[in-house]
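Tertiary structure, described
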Amino acid sequence: MVKSINQLRPKFTTNADGSDAVLFVHELVGEEDGPTIGISASIHGNENTGSQAILELYRILKDIPLKGRILLLPVANPSAFAVNERFATIDKVDLNRQFPGSPKGTYSQQLAHALTEHYFNVIDMHIDLHSGTDRPTVDYVYIWNDEQLSRAFGSKLLYRPVENKQGTVFGGTTKSVTLDKRNIPVSVIELGGGILDQTPYIKRTVDGVLNMLRTKGVIPGTPWDNPKQIVVNELAGIRPSQGGWLEPLCPANGEVIKAGQLLGRVVSPYNFEVLEEIATPFANGVMIMQHLTRNLVQSGDYGFMVGNLEGATD
């Protein structure tokens, strides 16, 4: 059992309707000394699979022995989360490009500053939960500065960013505070999303995070043996250049896709013409993200992500 459970609600501004804009943080304090672990989700408001996983983690963690403390941040971007949008409707910018933020900046910059001061600057390790929004479904884990931590989640596919390779590395993300400035262990999980039941992804997230905590000695138990894992150092995000129905034609996430195979096609809902066929960019690739159902997309929406198996390692 944990020693205490506290709800922390630091205020960072006042909304125009008179309500307080606050962070919602659940603090679980163990009976033994140890690190402060931060587990956060929904920095993009339409990626709520991780938020649901944090609810289930809270229900489990509050009743088991704990070393140190855990700070659960189920919704990092409440105003975006409330309307199921990637960005806050107040300023319509990507919160995860605004760090470390500013107390005198835009709404999202103020929120980023509050998250930096009240959350990211007080934790000793960060587990950051993302998913594939409410349409595409994603399945991989970043390796940053703690390979053991990232591998312990148990995903079969991991991504190690390498300079001068295609990938998804951006400025102004949370890692600009946690990793670049403070160099605490960081792991970013990308799992779930799509217009389908999230239960299997929530369970995988809960099981994976618990194993990460066991691996670091924060909770009792023997960590599992990781499955066979593949680490890619290059990946490509592919966006449709036409709007319409995006029909997936590719293998399942985690499976190989070869040159010449189509990822999907865009079909007009109006005249039923095929507007675009989208091919894999690599001769030997592995699926990382895709739409699992026929979804309506705008030109430039998230479509697919493929890892390059050339140069991949175990």
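Calculation notes
Residues numbered from 1 in each chain as written. Predicted model: local features only at pLDDT ≥ 70, side-chain atom pairs only at ≥ 80, totals over all residues. Heavy atoms only, no water. Buried < 20%, exposed > 50% of the residue type's maximum accessible area, 1.4 Å probe, protein only. Helix = DSSP H or I, 4+ residues; strand = E, 2+ residues; numbered from the N terminus. Pairing = 2+ DSSP bridges. Core = buried A, V, L, I, M, F, W, Y, C linked by side-chain atoms within 4.5 Å. Contact = heavy atoms within 4.5 Å. Patch = residues over 30% accessible without salt bridge, like charges linked within 9 Å, V, L, I, M, F, W, Y side chains within 5 Å. Areas by Shrake-Rupley, 256 points an atom, 1.4 Å probe, with all protein chains shown as cover. Salt bridge = Lys/Arg side-chain N within 4 Å of Asp/Glu carboxyl O. Phe/Tyr/Trp six-rings, centres within 6.5 Å; stacked < 30°, edge-to-face > 60°.

Within strand β8 (residues 136–142), 7 of the 7 residues are buried, which leaves it mostly tucked inside the rest of the structure. The pairing of β8 with strand β17 (residues 284–291) spans 3 bridges and is classified as antiparallel. Along β17, the bridge assignment pairs Val-138 with Met-289. With 4 bridges connecting them, β8 and strand β10 (residues 186–192) associate as antiparallel partners. Opposite Asp-139, over in β10, you have Leu-191 as the bridge partner. Bridge count between β8 and strand β9 (residues 157–159): 2 bridges; the pairing is parallel. In the strand pairing of β9, Val-141 is matched with Leu-158.

A separate point is the nonpolar core. In terms of nonpolar packing, the biggest core is built from 36 residues, with Phe-99, Leu-115 and Tyr-140 touching the most fellow members. Of all the secondary-structure elements, those providing two or more residues to this core are β6 (67–73), α3 (107–120), β8, β9, β10 and β17. Ranked by the residues each element gives to this core, the list is headed by α3, at 7 residues. Once residues within four sequence positions are removed from consideration, Leu-115 is found in contact with Leu-23, Leu-73, Ala-76, Leu-95, Phe-99 and Phe-120. The next biggest cluster of nonpolar side chains, apart from the first, holds 33 residues, and it includes Leu-28, Ala-41, Leu-129 and Val-141.

Position of Ile-54 among the secondary structure elements: in helix α1 (residues 49–61). Measuring from C-alpha to C-alpha, the distance between Ile-54 and Ile-202 comes to 8.9 Å, with 148 residues separating the pair along the chain. Sequence-distant contacts of Ile-54, that is, excluding residues within four places in its chain, are made with Ile-39, Ser-40, Ala-41, Leu-72, Leu-73, Pro-74 and Leu-129.

Side chains of Trp-245, Phe-272 and Leu-296 sit close together on the surface and give an oily, nonpolar patch of about 320 Å² of accessible area. Mapped onto the elements, Leu-296 comes out in strand β18 (residues 295–297). Under the relative-accessibility criterion, Leu-296 is labelled partly exposed at 48%.

A few words now on the packing of aromatic side chains. What the rule picks out here adds up to 7 aromatic pairs. Ring geometry for Phe-99 against Phe-120: centres 5.7 Å apart, planes inclined by 80°, an arrangement best described as edge-to-face. Of this pair, Phe-99 sits in the loop between α2 (78–81) and α3 while Phe-120 sits in helix α3, and the two are 21 residues apart along the sequence. The burial state of Phe-99 is the same as that of Phe-120; both residues are buried. Between Tyr-142 and Trp-144 the ring centres are 5.3 Å apart and the planes differ by 10°, which places this aromatic pair in the stacked class. Note on Trp-144: relative accessible area 23%, which makes it partly exposed. Here a set of aromatic residues connected by ring pairs shows up, and it is made of Tyr-140, Tyr-142, Trp-144 and Tyr-159.

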